[in-house]
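Descriptive structure summary
As a plain string of letters, each chain reads:
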Amino acid sequence: MEKYILALDQGTTSSRAVLFNKKGEICGVEQLEYPQIFTSDGWVEHDPYDILNSQLNAAKNVIANSGISPSDIMGIGITNQRETTIIWDKATGKPVYNAIVWQCRRTAAMCEEYKAQGLEKFFRDKTGLLIDPYFSATKIKWILDNVEGVRERAEKGELLFGTVDSWLIWNLTGGKVHCTDYTNASRTMLFNIHTLTWDKEIMGLLGIPSFLMPEVVPSSGRIGVCKKDIFGTEIPITGCAGDQQAALFGQCCFIEGDVKNTYGTGGFLLMNTGKTPIKSAHGLLTTIAWGINGQVSYALEGSVFVSGAVVKWLRDQLGLIKSAAETEDIAKSVETTGGVYVVPAFTGLGAPYWDSSARGAIVGLTRGSNKAHIVRACLEAIAYQTVDVLKAMEEDTKALNVIKADGGACANNFLMQFQADILGRTIARPKNVESTATGAAYLAGLACGMWSNTDELLALCGQLDEFRPSMEDDTRKRLLDGWKIALGRVRQ
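Residues numbered from 1 in each chain as written. Predicted model: local features only at pLDDT ≥ 70, side-chain atom pairs only at ≥ 80, totals over all residues. Heavy atoms only, no water.

**Some details on the packing of helix α2 (residues 108-116) against helix α4 (residues 136-146)**
Applicable threshold: Only the stretch in contact is used when a helix axis is fitted, and all axes are lines through C-alpha atoms; the angle between N-to-C directions ranges over 0 to 180 degrees. Note on conventions: DSSP H or I runs of at least 4 residues are helices, E runs of at least 2 residues are strands, and numbering of each starts at the N terminus. In what follows, roughly perpendicular refers to angles from 65 to 115 degrees, roughly parallel to angles under 35, roughly antiparallel to angles over 145, and oblique to any angle outside these ranges. Rotating anticlockwise by less than a right angle from the far helix to the near helix defines a left-handed crossing, while the corresponding clockwise rotation defines a right-handed one. By definition in these notes, contact holds between two residues if any of their heavy atoms fall within 4.5 Å.
Packing of α2 against α4 leaves a shortest axis separation of 10 Å and a crossing angle of 115°. Here α2 is positioned roughly perpendicular relative to α4, judged by the angle of their axes. Between α2 and α4 lies a crossing whose hand is right-handed. In this structure, α2 contributes Met110, Cys111 and Tyr114 to the contact, and α4 contributes Thr138, Lys141 and Trp142.

See the structure below:
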């Protein structure tokens, strides 16, 4: 009887469930979108129950529609939108507030206060992160300080904090397991990536009670057991990693210098730096790539807040397209953007700028500008932001192997070719672009015996599509100079 791994891929705008067999092939996919909550300028929330229910329903659907028995699933791997913060009641499981999403900028003023106090190095040396609203720490503090009665309950040990992985695991196990893995812990701005412990000094500074915090566990290993009444049988949870680290693992970036870029809601460039954490001098983050077999590997990361989400904006807010797939042909219908640049700084700028006050703009409009120019400019903006991050990464490491692309937007051939052109480097795209779910499956499969080691996983990697640069150097320089001017318009 064939066995499977079930990957739960909980993203910012949708929840996906993907079944994999021993060959690493996808045997079923189900995806459910859920609402985004925008309560104020730059504020983004999710209902934690929308997250949970959409993920559970996607998982049940993929099992039912694939015609397999839940007993054929050897293990569950979880991957998730990172930094998103949930606090819930330990006894009832009821959240005390909506999930504050990683994109949310409500704590920008708080972060500026910490910077003004000269605490940037204090946080950076311990966590590898910059002080920014992006991370979980100030989101937790905001909930404690602004939701009535929450701080008192937290100090009594009545509440639990978790990123989305913790919330899912707690509910899947019926409240028996409160944990997170090394990768998700490293994105909270509360975890010391050198001692591999929650940092008491940081938690004391922010006034965050230790009672809230989950246990930190390896990314691959037996985490808990999914309770029987969810799928009709108990299934072990054996893998967990934040979405970007899962994608790095799913792309088989096991060698130092290997890089992947995920074109998802945000854009995330990660480089495997091996057993040594590298401190960036160019606005990148030092983070944990994964923890396996008692050994932690590190990564250097550049995060772009709005990548593929700019296409969703074209569809949902502007109504210029009906589907993301249309953008490729629309972009190709014009030879250039006609001088139009879109800077999608809807919630500020991430790496390497870290400018939370920046906001989006369309620059260079003329009377001749039309829909196609704007659509093409949006796709090009995704690529320009990647260039900025990759240049910073090269400066920090002086080492760069192959660049692998994944995520939904990398299916767009126009974007991939423009990315190769504007970078002046070859971009490799796997046949299976579901790298995030694949990484979660690989981590889970290693722990439950589906696969024996990373060499076996490397053998599963198929042929890569390659996009080679063909743009003239002077054209590249002119376009990048225009991008820098556009960036300057949105930064005060």
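Still more ground to cover, so stick around.
**A word on unusual backbone geometry**
Of the consecutive residues Ala351 and Pro352, the connecting peptide bond is found in the cis state with omega at -5°. One non-glycine residue, Glu83, adopts positive backbone phi at about 70°. Tracing the sequence through the fold places Glu83 in the loop between β5 (73-80) and β6 (86-89).

**A word on helix α13 (residues 371-397)**
Definition in use: Multiplying one less than the number of residues by 1.5 Å gives the expected span of a helix. Using a 1.4 Å probe on the protein chains alone, a residue whose accessible area is under 20% of its type maximum counts as buried, one over 50% counts as exposed, and one in between counts as partly exposed.
In this model α13 runs 40 Å from its N-terminal to its C-terminal C-alpha over 27 residues, within 8% of the 39 Å that 1.5 Å per residue would give. With 23 of its 27 residues buried, α13 lies for the most part within the structure. Positive backbone phi, approximately 60°, marks Lys398, located one or two places after α13.

**Some words on the sheet that holds strand β1 (residues 4-10)**
Condition: A pair of strands is treated as paired once DSSP finds two or more bridges between them.
Spatially, β3-β2-β1-β5-β14-β13 is the arrangement adopted by the six strands of the open sheet, whose pairing is mixed. Edge strands, defined here as strands with exactly one partner in the open sheet, are β3 (26-33) and β13 (220-226). Geometrically, the sheet is characterised by an average inter-axis angle of 25° between neighbouring strands, direction not taken into account. As paired strands, β5 and strand β14 (residues 235-242) are joined by five bridges and run parallel to one another. Looking at the pairing, Ile76 lines up with Ile237 of β14. Packed on one face of the sheet, helix α6 (residues 164-172) meets β1, β5, β13 and β14 and runs near 145° to β5.

**What about the packing of aromatic side chains?**
Worth spelling out the cut-off: Each Phe, Tyr or Trp ring, with Trp reduced to its six-membered ring, pairs with another whose centre is within 6.5 Å; inter-plane angles below 30 degrees give stacked pairs, above 60 give edge-to-face pairs, and intermediate values give tilted ones. Both a distance and an angle decide whether a charge sits over a ring: NZ of Lys or CZ of Arg must be within 6 Å of the ring centre and within 35 degrees of the ring normal.
In total, this model carries 25 aromatic pairs according to the counting rule given. Taken together, the aromatic side chains of Trp102, Tyr134, Phe135, Phe268, Phe305 and Trp354 make up a single cluster linked through ring pairs. Above the face of the Trp142 ring, Arg106 is positioned so that its terminal group lies 4.6 Å from the ring centre.

**Some details on the nonpolar core**
Threshold: For this analysis, a nonpolar core means a set of buried residues of the types Ala, Val, Leu, Ile, Met, Phe, Trp, Tyr and Cys, connected via side-chain atoms within 4.5 Å.
Formed by 135 residues in total, the largest nonpolar core has its most connected members in Leu190, Ile208, Leu212, Phe249 and Ile422. The contacts of Leu190, once residues within four sequence positions are left out, are Thr127, Ala137, Ile140, Thr197, Trp198, Asp199, Ile202, Met203, Leu206, Ile208 and Met213.

**Section: the sheet that holds strand β15 (residues 259-263)**
By way of backbone hydrogen bonds, the strands of a sheet pair with one another, either parallel or antiparallel. Within the open sheet, the seven strands sit side by side as β17-β18-β16-β15-β21-β22-β23. Their pairing is mixed. Two strands in the sheet have a free side with no partner beyond their single neighbour: β17 (285-292) and β23 (464-467). Each adjacent strand pair in this sheet contributes to an overall mean axis angle of 30°, direction not counted. In the sheet, strand β22 (residues 427-430) pairs with β23 via four bridges, with the strands oriented antiparallel. Each residue of the ladder has a partner; that of Pro430, found in β23, is Leu464.

**Here we look at the pattern of salt bridges**
Short version of the rule: We count a salt bridge whenever a side-chain nitrogen from Lys or Arg sits within 4 Å of a carboxyl oxygen from Asp or Glu.
Overall, the coordinates contain 31 salt bridges when judged by the stated rule. A salt bridge links Arg187 to Glu301; the shortest N-O distance between them is 3.1 Å. Here the residue Arg187 occupies a position in the loop between α7 (182-185) and β10 (191-192), and Glu301 occupies one in strand β18 (residues 295-304), the gap between them amounting to 114 residues. Each member of the pair, Arg187 as well as Glu301, is classed as buried. Here Asp355 makes a salt bridge to Arg491, at a shortest N to O gap of 3.1 Å. Of this pair, Asp355 sits in the loop between β19 (341-343) and β20 (361-363) while Arg491 sits in the segment after α17 (473-490), and the two are 136 residues apart along the sequence. Each of Arg82, Glu83, Arg187, Asp243 and Glu301 takes part in one network of salt bridges that share partners.

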